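Architecture and fold: a report
Each chain is listed here by its residues.
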Amino acid sequence: MNVSYEWLSTLVDLSSLTPQAVAEALIKAGIEVEEVVPFAQASHLTTGKVLSKLAVEGSTHLHQVSVDTGHHGIRSIVCGAPNIEVGQHVMVALPGAVLPGGIIQESTIRGVPSQGMVCALNELGIPSKYLRKDQVEGIEVLPSTTPLGDDAILEHLGYDDTVFVVKLLANRPDLLSMENFAKEVAAVCNVPLIKETWEPLKVQRTSPSLTLKVEHECVTGFSLQVLTNIRQSETPQWMKTRLMKSGVRPISFFVDIGNYVMLLTGQPLHMYDVKKLPSSVLQVGQNPASIFVALDEKTYELLPEDLHISSNGNVMCLAGVMGSLSCAVDEKTTDIAIEAASFHPSSIRKTALRLNLISESSQRFAKGIYLGDSQRVLNYTEALISSLTSVGEFQQRLRHTPLESSSAKIKFEPNRINGLLGTSFSESHMVDILSRLGIEREGDMMVIPPSRVDVKQSADLAEEIIRLSGFESITSTPLIQPIQAGGYNELQLKRRRIKDVLRSLSFQECLTYTLVDENQEKAYQLLDQSSFYRIKNPLSDEKQIVRTSGLKSLLDTAIYNVSRQMTSGQLFEWSLMSSVEATQERLTIVWYGDRYEQSLLSAKLVNFYDGKGVVETILGLLFIDASRVSWETYADRPDLLHPGKSALLKLQGQLVGVVGELSPLAQDQLGFGKINVVVVELNMQALMEVKTSSIRLQELAKYPSVTRDLACVVKKDVTFASLMKTIKKAGKSIVHSVDVFDIYQGERMAKGFQSLALRIKLLDRQKTLLDSDILQTIDTIKTELIKNHGVEFRG
């Protein structure tokens, strides 16, 4: 937000304060003034009249002009502006003038003496974005009444001014108006406001020619004022200058008046050309989806939930955002309808964000408009137009006010305020500070101005008091706190241990956004089908619900990396997932591309077993014995996970995790192409809360171990886990470990069968195993495998 010191000086008495002093006072009071900059910069500047114009020999665009600069004499100047003509009054930078582009000196150009420079506004430091095309490309032509030799021309034009570049916090939308900003400066600097000099017009009003119908609860106030037979004139220079200094480009008479009133009061206005309306009825509400051509000449698709103003079924204005091109005011407009309205902020914000139409008006509506100010604003607008031109007819005003504005009241508790601040302010000091901010006392209550939507409780009163009193008023006291032994609790230790191990395995921790798109999130729920928490006022359609899974977010992160040629990566995210049913800690892992055992020479595609190995590592860190968990094949989501390379992890019958490779279809749809992707999602809440035995130390075995290999032919639906369980049960305590070291599914195997090569390690901690013991154990194991799984042995 840009604030003009000159404009501010007409609203509050700044005669004793420099711009820098005002800026410092605002900063101390919590208003962020980022820059204090001059609007235009030039020394040795005067005015002159072009007496003659001659082409410079050998140039297609340069002219030698003779300029009468009054008491500075007649000067020869070489000028390249395409719009310079004899008789024009212009600004002249004399030799020695310091401009943003450098110092002006006398020179000779193509043999022609040049004793200064005829200036354009952008050469004085005024940004080109606030100027018309002809002002950017040529010199500035002054009114013919401008006196010659006016050395204070910048001041007379209003350009000799200082601009505050202010960054407003979201809780202070009231400061988006010059009037309220002036009140803030008056309170902060303890200087008086300047009384308003205008008065509402006392005119005979005719019957309204339009009818207003408001049919939606999101409209909190709507007023319409029709003025007819207006004779348009040029926007006065003072208004154009104030608009530019406020960061708004002057456009036309009616548009400039609307923007000026908005900047002054904070109330956005919209003006309709009455003669262009399809009918005499303006209807405010929502209609079926339609097409809308806006003032920017672009076409937008409107949704049924977009609030708009229509006439005869045609959209005339997208409420609070932008008007329609079909009823826009132009240089031929004589009859206007001025709209001053207020809408529910979330309705305007959703529409503006979805269509990417962020304007000065939509920003103000999205943050909230003071309901009770529209009539005063329309009165001022009428008076302003009437003071600038002639108006034929003032019609009776149309009003719709379902909500009346009221002032909030907060109980005044001086002792509590001092307790919150750590101060000892007197009650009279507090009342005086609050009174400067327009917060008046009524008994034991404080009445809050309706524009101060940020002041809601006693703590807010304390904040207002301390920021105007100065934070140096707070007495520093040492913090007294008993020394306590620090440390992590059991869950924190487990969480930290697992994260450290994942990082040591080259995984990178990610933090992704909690709010996601509902349709996409449903497709990635693997552990459960929880109900979502829905946001009432989402920032956008893509951030409507609170996620219950981190899988889609992490896959999006991986895709972002892949699209930037990072085709291998290991990502994990540990986050709290909230649903209507429960809140759980979840660990999500996405491993894609290659894994490197040593270097690029040993690169291998990541696969299901890599993901399963990470899960088993985590189970080991949590001291969860393999006998307590089971793995089951998972083929319910072939659209997302490969049916033959995915599994569910269950802990004592409860589903706690999913591991799998993305299906080829999902890889293509997401954008991974031929890159292998392994995903893992674990319910860490359940895994970390499971009770486990304490760690038991065991001495190293004194007796040697023995290994035996078995080649087992089994059906493909028989899992290794079930075989291992049978082997350990049959071999009892001397079966130390069981591993599979080869799988054969070739042509020599019967259909539906496979050969598993198992390595069984036998160990007795009490004695050396004899051949008879080994043979008996292996025979028992074989018998049980045949009995329970129909195993056939090879070799």
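Refer to the preceding data block for the structure.
I will try to describe carefully the structure that is included in this document.

Criteria and cut-off values
- Residues numbered from 1 in each chain as written.
- Predicted model: local features only at pLDDT ≥ 70, side-chain atom pairs only at ≥ 80, totals over all residues.
- Heavy atoms only, no water.
- Helix = DSSP H or I, 4+ residues; strand = E, 2+ residues; numbered from the N terminus.
- Rg over C-alpha atoms; globule rule 2.2 N^0.38 Å.
- Buried < 20%, exposed > 50% of the residue type's maximum accessible area, 1.4 Å probe, protein only.
- Areas by Shrake-Rupley, 256 points an atom, 1.4 Å probe, with all protein chains shown as cover.
- Lys, Arg positive; Asp, Glu negative; His and termini not counted.
- Charge placed at Lys NZ, Arg CZ, Asp CG, Glu CD.
- Pairing = 2+ DSSP bridges.
- Contact = heavy atoms within 4.5 Å.
- Phe/Tyr/Trp six-rings, centres within 6.5 Å; stacked < 30°, edge-to-face > 60°.
- Axes fitted to C-alpha atoms, helices over the stretch in contact; angles between N-to-C directions.

**A closer look at the overall build of the protein**
Helix and strand counts for the protein come out as 21 helices and 45 strands. Over its C-alpha atoms the protein spans a radius of gyration of 39 Å, topping by over 25% the 28 Å that the globule rule assigns to 795 residues. Overall, the C-alpha framework of the protein stretches about 125 × 80 × 65 Å when taken along its three principal axes. Relative to its 795 residues, the protein shows a buried fraction of 48%. About 40500 Å² of surface is accessible on the protein, with carbon and sulfur atoms providing 50% of the total. When the 81 positive and 91 negative side-chain charges of the protein are each reduced to one mean point, those points stand 8 Å apart.

**Looking at the sheet that holds strand 33 (residues 545-546)**
A sheet is described by the order of its strands in space; here three strands give the open sequence 31-33-32, paired in antiparallel fashion. Each having just a single partner strand, strand 31 (515-516) and strand 32 (533-534) make up the two edges of the open sheet. Note that strand 32 and strand 33 share two bridges and pair antiparallel. Pairing of tyrosine 533 across the sheet is with valine 546, part of strand 33.

**Points about the environment of threonine 299**
Counting through the fold element by element, threonine 299 comes out in strand 20 (residues 299-302). Residue classification places threonine 299 among the exposed residues on the basis of a relative accessible area of 53%. Each C-alpha atom, one on threonine 299 and one on serine 324, is 10.0 Å from the other, the two residues being 25 residues apart in sequence.

**Thoughts on the side chain of threonine 162**
Along the chain, threonine 162 turns up in strand 13 (residues 162-167). Not counting residues up to four positions away in its chain, the partners in contact with threonine 162 are Val3, Ser4, Tyr5, Pro19, Val36, Val37 and Pro38.

**Some points on the packing of aromatic side chains**
If you walk through the whole model with that rule in mind, you get 11 aromatic pairs. Residues tyrosine 5 and phenylalanine 164 carry aromatic rings whose centres are separated by 6.3 Å and whose planes lie at 70 degrees to one another, so their mutual orientation is edge-to-face. Of the two residues, tyrosine 5 is situated in helix 1 (residues 5-9) and phenylalanine 164 in strand 13; the sequence distance between them amounts to 159 residues. Judged by relative accessible area, tyrosine 5 falls into the buried class, the value being 16%. A ring pair is formed by tryptophan 198 and tyrosine 380, whose centres lie 5.2 Å apart and whose planes are at 70 degrees; its orientation type is edge-to-face. In this pair, tryptophan 198 is assigned in the loop between helix 5 (178-189) and strand 14 (205-206) and tyrosine 380 in helix 10 (residues 374-388), connecting sequence segments 182 residues apart.

**A few points about the sheet that holds strand 1 (residues 2-4)**
With antiparallel pairing, three strands are arranged side by side in an open sheet as 1-13-2. The outermost strands of the open sheet, each flanked by one partner alone, are strand 1 and strand 2 (32-38). Averaged over all adjacent pairs, the angle separating strand axes in this sheet is 25 degrees, with direction ignored. Inspection of the sheet shows strand 2 paired to strand 13 by six bridges, in the antiparallel sense. Directly across from glutamate 32, in strand 13, lies its bridge partner lysine 167. On top of the sheet, helix 2 (residues 19-28) reaches strand 2 and strand 13; it is set at about 170 degrees to strand 2, its chief contact.

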